[in-house]
Amino acid sequence: MSALANHSFVKMNGIGNEIVVLDLRDVKHVVTPDEARAVASRVPYDQLMVLQPPRLDGTEAFIRIYNNDGSESGACGNGMRCVVRQVFGKTGQASATFETRAGLLNCWQGPAPDLYTVDMGVPKFGWRDIPLAEEFRDTRYIELQIGPIDAPILHSPSVVNMGNPHAVFWVGDIHAYDLERFGPLLENHPIFPERANITLAHIIDRDHIEMRTWERGAGLTKACGSAACATAVAAARLKRTNRIVQMTLPGGELTIEWRERDDHVLMTGTATFEFEGRFEPSLFASVA
Ligand SMILES: N[C@@H](CCC[C@H](N)C(=O)O)C(=O)O
């Protein structure tokens, strides 16, 4: 029987990004892609955040992040705020460090009781780090377009790795494009050997950007925290915004700071508890 049978979980959201938090620190089990998909079929989520026993001194947990298609990601900003809220609520801590595939993440209580800040680390811009399938010396804009060659619909995205790959297309109206149609084409474009998260972003002014994202492995979501970080950094890199910006996403607001002194990206926003449940054993009956 699956180790997840009868195990409790918590359903949350990070400004509308649907998150399931599963604390497996007391169980020696690595969730399989089949199990991740089985969970998504019963408790629909964008990301499943699994807490495993800590591997390093001074960390609370090693976090595995699953998309609802069963693939794994190195980063999930909104999911991390949900994990942080759960852990702080249980222990009374006001700060903690977690390990993910992308490295160590320091997290702390934000400037108001319902706000949580995650240090998302240092963005990477090298073409091999994104990763891209071919060399681009300047990743502030890369040559990539969809639509007719002489009248492209979307073109010249900025690319950033924020623990996961992101492409940001700069547009005048984020609602004027069929992201559900173009998202999968761009996510799976051969230029992105590990696929990519695809964002449409509109710079309102030097302190404010609005955006929406088609997520790798999860589809259209109400919010993507790492995409908000990637977009803020890409805009500041183009000198079009300041290093602290307000990000408006379909599900809510995030504040992103690309810290001057060490280039770390700090993401601040809310995390919302929805309900707690327990997995029925039958859910995993046909799972390897
Ligand atoms: N929603 C997340 C990002 C989730 C991971 C992404 N789909 C990927 O595979 O890279 C966030 O808030 O950052």
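All figures in this text were calculated on a predicted structure; none of them were measured in a lab.

1. Considering the pairing of strand 17 (residues 252-258)
Thought 1: Of the two faces of strand 17, only the one carrying G252, L254, I256 and W258 is buried; E253, T255 and E257 on the other face are not.
Thought 2: Counting the residues that bridge the hairpin from strand 16 (residues 244-249) to strand 17 gives two residues.
Thought 3: Across four bridges, strand 17 lies against strand 18 (residues 265-269) in antiparallel orientation. Among the inter-strand pairings, W258 is bridged to a residue of strand 18, identified as V265.
Thought 4: Connecting the antiparallel pair strand 17 and strand 18 is a turn made up of six residues, with D263 showing a positive phi of about 65°.

2. A few points about the UniProt feature "binding site: substrate" (unreviewed entry) in the protein
Thought 1: According to UniProt, the "binding site: substrate" (unreviewed entry) feature falls on N17, Q47, N67, G77, N78, N164, N197, E215, R216, G225 and S226. Residues from the annotated list that form part of the lining of the largest cavity: N17, Q47, N67, G77, N164, N197, E215, R216, G225 and S226.
Thought 2: Turning to its location among the elements, N67 is positioned in strand 4 (residues 62-67).
Thought 3: Leaving out residues up to four positions away in the same chain, N67 has contacts with Y45, D46, Q47, S73, E215, R216, G217 and A218.
Thought 4: With respect to the helices, strands and loops of the structure, R216 is situated in the loop between strand 14 (208-215) and strand 15 (219-221).
Thought 5: For R216, a relative accessible area of 8% puts it in the buried group.
Thought 6: Every residue in contact with R216, bar those within four places of it in the chain, is listed here: N67, E72, S73, N164, P165, E187, E194, R195, A196 and N197.

3. A word on helix 4 (residues 225-237)
Turn by turn, an α-helix covers 3.6 residues, leaving residues three or four places apart pointing in a common direction.
Thought 1: A rise of 1.5 Å per residue sets the reference length of helix 4, with its 13 residues, at 18 Å; its end C-alpha atoms lie 18 Å apart and thus fit the reference within 8%.
Thought 2: The element helix 4 is extensively covered by neighbouring structure, given that twelve of its 13 residues are classed as buried.
Thought 3: The complete set of buried residues in helix 4 reads G225, S226, A227, A228, C229, A230, T231, A232, V233, A234, A235 and A236.

4. Overview of the side chain of E215
Thought 1: Relative to the assigned elements, E215 resides in strand 14.
Thought 2: An unpaired buried charge is present at E215: no salt bridge exists, and R216, the closest side chain of opposite charge, is 8.2 Å distant.
Thought 3: In terms of polar contacts, E215 uses its side chain to reach the side chain of Q47, at 2.6 Å.
Thought 4: Not counting residues up to four positions away in its chain, the partners in contact with E215 are N17, Q47, N67, E187, N197, T221, A223 and C224.

5. Concerning the pattern of salt bridges
Thought 1: Evaluated as defined, the whole model comprises 15 salt bridges.
Thought 2: One salt bridge in this structure joins D34 and R37, with 2.7 Å as the shortest N-O distance. Of this pair, D34 and R37 both sit in helix 1 (residues 33-42), separated by three residues, roughly a single helical turn.
Thought 3: Its salt-bridge partner being R243, residue D263 comes within 2.8 Å of it at the nearest N-O pair. A residue pair is termed long-range when its members are at least 10 positions apart, and D263 in the loop between strand 17 and strand 18 and R243 in the loop between helix 4 and strand 16 qualify at 20 residues.

6. Focus on the nonpolar core
Thought 1: With 53 residues, the main nonpolar core has I63, F98, M247 and I256 as its most contacted residues.
Thought 2: At nine residues, helix 4 tops the list of elements feeding residues into this core.
Thought 3: Of the residues that make up this core, three or more belong to each of domain 1 (7-119 + 272-284) and domain 2 (127-263).
Thought 4: Of all hydrophobic cores here, the second largest spans 22 residues; its members include F136, I142, F169 and F192.

Definitions and cut-offs
- Position numbers for residues start from 1 in each chain and track the written sequence from start to end.
- Side-chain atom pairs in this predicted model are given and counted only at pLDDT of 80 or more, local residue features only at pLDDT of at least 70, and totals for whole chains, interfaces and linings cover all residues.
- Just so you know, side-chain values use all the structure's heavy atoms and leave hydrogens and water out.
- Whether a residue is buried, partly exposed or exposed follows from its accessible area with a 1.4 Å probe, protein chains only, as a fraction of its type maximum: under 20%, in between, or over 50%, in that order.
- We count a stretch as a helix when DSSP gives it H or I for four or more residues in a row; a strand needs E for two or more, and each element gets its number in order from the N terminus.
- Whether two strands pair comes down to DSSP finding at least two bridges between them.
- UniProt positions are given in the numbering used here, feature names are shortened, and annotations may be inferred rather than shown by experiment.
- Computed over the protein atoms alone on a 1 Å grid, cavities are sets of points where a 1.4 Å probe fits but cannot get out and pockets are open sets with protein on both sides within 12 Å along at least five of seven lines; a residue lines them when it has an atom within 4 Å of a point.
- Note on contacts: a residue pair is in contact if any heavy atoms of the two residues lie within 4.5 Å.
- To estimate the expected span of a helix, count its residues, drop one, and scale the result by 1.5 Å.
- The charge count includes Lys and Arg as positive and Asp and Glu as negative, but it does not include His or the ends of the chains.
- Every case where a carboxyl oxygen of Asp or Glu lies within 4 Å of a side-chain nitrogen of Lys or Arg is listed as a salt bridge.
- Counting of polar contacts relies on pairs of N or O atoms within 3.5 Å, with two restrictions inside protein: one atom must be capable of donating a hydrogen and the other of accepting it, and residues adjacent in sequence are counted only when both atoms are side-chain atoms.
- Buried residues of nine kinds, namely Ala, Val, Leu, Ile, Met, Phe, Trp, Tyr and Cys, make up a nonpolar core once their side-chain atoms join them within 4.5 Å.
- All domain edges in this entry derive from an automatic or database-based domain assignment.

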